[in-house]
Structure formats: structure tokens, C-alpha cells
Amino acid sequence: MDTAMDDLIIRCAALEDFDAVLGINDHVYEGLDYLPDCYPRYLTSPHITAYLAELKGEAVAFCIAHVNDDATTLVLRAGRVKPTHQKHGIAERLVEFIIKEERAKHPGLRKRRDIEFASEGKPVKMPLRMVEISRRKLFCFGALTTHIKCSEIAGVNKISAADWLSSGTTATMFPDGVVINGVPYSILPSNAEQIENESDLYVSNGTAELTSGCFSAVTRVRCPRVGLRVLIDIYGRGAALYNHICCHVNNTQIKAKELNIVSKEKMSYTVAMT
């Protein structure tokens, strides 16, 4: 290991470290980095600890430790290393430090899951049958986040994260867990507090006779390169699925027209059949 690593200092990041953290790497996730939009919320969440690595006073690496599943699962996310300091073992040192610290705080930790460290460039595969949602691009808008609100989607019934996680349908569709906004969660009502935030919306089909096994998750996040991203994943089957898709697509198109927003890419949606 580089002898300069002896000068590496790892500490908890603070809100005032925002500029230093964002300056580590501005090419994370091909310009679709969610951290600038989410940093304040992450730094104030009781379930998240952010770690910053500094070398001779320079911020060189960052990673978030996210604990869920009743403090039994550790998820490492938003990891990044300064390009000029990659391949020097900094990521490994940071991860080792985080695991030691988090295990001391949460003795019940049994599982660890990495999302992706930007210095490596290769996504980490989720466990078999762990289903990923809220990661598909529907539209990229050159607009402020406040211009489009998830609550404005009509034709479907909003449900809380707690109701969604405790429903029989959810447990049947995702027996081994689900990934929301990049974070794996078991189907536990105790995870609702972490899943529910102002950027997300969970909906079920609005037609009573078509409610069986059909719902979607909607997320909006502002990214530096493309502006607002609206991400929608839709799950279900048959007529319920078709009607659910129509509700989302129609509402998104109508809202975009009202705001005179032109999409930067062709509209697409991903459907996960169950």
C-alpha cells in the first residue's frame, strides 16, 4: 500500500462538507449522480452515517453507511474516490473503517450489501430474486424538482410505505426483498420510515376490480447533468397493468405539456411482470 496512506484520515462527514464531497468526483454515474439532491436528507437521517476520507487535508473519498432491516443489514452507497487517487487502496481502507464502526454501533448486523463504488465502475449484483424498482428512466426534464410533484399523478390510489410493505400483495410479489432508490430492503414494516420520503410515491391501481397485484413506485431526483429525472417502475399483470401504465404515461405527458417541457430523450418505461 502507498506509504502516503498513513496520512489518511477518515471521519464522519457533515453538512458543511457538501462542496468538498461533491468535488471528489463530478463524473459519478455518468452524470446521473443523486447525491447533490439528497445530501442534506442523508446527513440528517438517523439510519445513515456518511464517512469522508481526507489525505493531507484533501477530500479524496466518500461513502454512506445505510442501516436497515431492523439494524441487521448494512448497505454501502454513494461511494466515490477522487480520480487522481484511485487504485491506491483508499476505497478498501474506507470500507474497512466503515464496517468496523457500524458493527460497533449495531452488533446485530448480519448482512452487507454494496451498491456501487464509483472508482470501480462495475455495479455490484444484488442477491438472487432481490427485485429492483425505482431505477428506470421514464423522462428526463430540464426543469426544477419542484415543477413536477409525484402527488399530482391522478387515476391511482396513493398508499403509504407502511401499508405497501405490510400488504400481502407486496410479500407475494417480492418474497426475498426489494430495492428502492438503490437500497435493498426486506419486506418489513419497520423499513417504512426509511423508504418514505418526499421524493417517492407508492400507488395502487385506482379501479377497484383491478387492484390485485398491481402497483408502482415513482421517484424524482434532480441530477447535475440532465436536470429532473422522473423514474417509474410498474408491477402487475393483465388489464390492471395496462391501465396502470396508461395512468402514469398520460399524466406525465399532460404535465410536461402544461409546463412546456420537452423531454431530452425518447419516452420509455420498463414493466416487470410477476
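Look above for the structure.
What comes next concerns the included structure. On a predicted model such as this, the values are computed, not experimentally measured, just so you know. (Residues numbered from 1 in each chain as written. Predicted model: local features only at pLDDT ≥ 70, side-chain atom pairs only at ≥ 80, totals over all residues. Heavy atoms only, no water.)

1. Regarding the overall build of the protein
Check the secondary structure of the protein and you find seven helices and 14 strands. Taken over 274 residues, the protein has a buried fraction of 51%. Look at the contacts in the protein between residues 6 or more apart in sequence, and 69% of them connect residues 24 or more apart. Accessible surface, the protein: about 13400 Å² in total, of which carbon and sulfur atoms supply 52%. (Helix = DSSP H or I, 4+ residues; strand = E, 2+ residues; numbered from the N terminus. Buried < 20%, exposed > 50% of the residue type's maximum accessible area, 1.4 Å probe, protein only. Contact = heavy atoms within 4.5 Å. Areas by Shrake-Rupley, 256 points an atom, 1.4 Å probe, with all protein chains shown as cover.)

2. Things to note about the sheet that holds strand β2 (residues 48-55)
Spatially, β1-β2-β3-β4-β5 is the arrangement adopted by the five strands of the open sheet, whose pairing is mixed. Edge positions in the open sheet fall to β1 (8-12) and β5 (111-114), since each of these has one partner strand only. Pairs of neighbouring strands in the sheet enclose a mean axial angle of 20 degrees, with direction left out of account. Where strand β4 (residues 73-81) meets β5, four bridges bridge the pair, whose relative direction is parallel. (Pairing = 2+ DSSP bridges. Axes fitted to C-alpha atoms, helices over the stretch in contact; angles between N-to-C directions.)

3. Overview of the side chain of Asp33
Position of Asp33 among the secondary structure elements: in the loop between α1 (18-22) and α2 (35-43). Separated by 3.1 Å, the side chain of Asp33 and the backbone nitrogen of Leu35 make a polar contact. At 2.7 Å, the side chain of Asp33 and the side chain of Arg80 are in polar contact. Those residues in contact with Asp33 that lie beyond four places of it in its chain are Leu22, Val28, Arg80, Arg222, Cys223 and Pro224. (Polar contact = N/O pair within 3.5 Å; in protein donor to acceptor, adjacent residues only side chain to side chain.)

4. A short note on the pairing of β4
In the case of a regular strand, side chains alternate between the two sheet surfaces. Extensive coverage of β4 is indicated by the burial of nine of its nine residues. Taken together, the seven bridges between strand β3 (residues 58-68) and β4 define a ladder with antiparallel strand orientation. Note that in β4 the partner of Ala61 across the bridge is Val81. Connecting β3 to the antiparallel partner β4 that follows it, the hairpin turn spans four residues, and Asp69 within it adopts a positive phi of roughly 50 degrees. Crossover connection from β4 via helix α3 (residues 90-105) to parallel β5: handedness right-handed. (Right-handed = clockwise from strand over helix to strand, strands pointing away.)

Everything listed is a geometric property; what it means functionally is a separate question.
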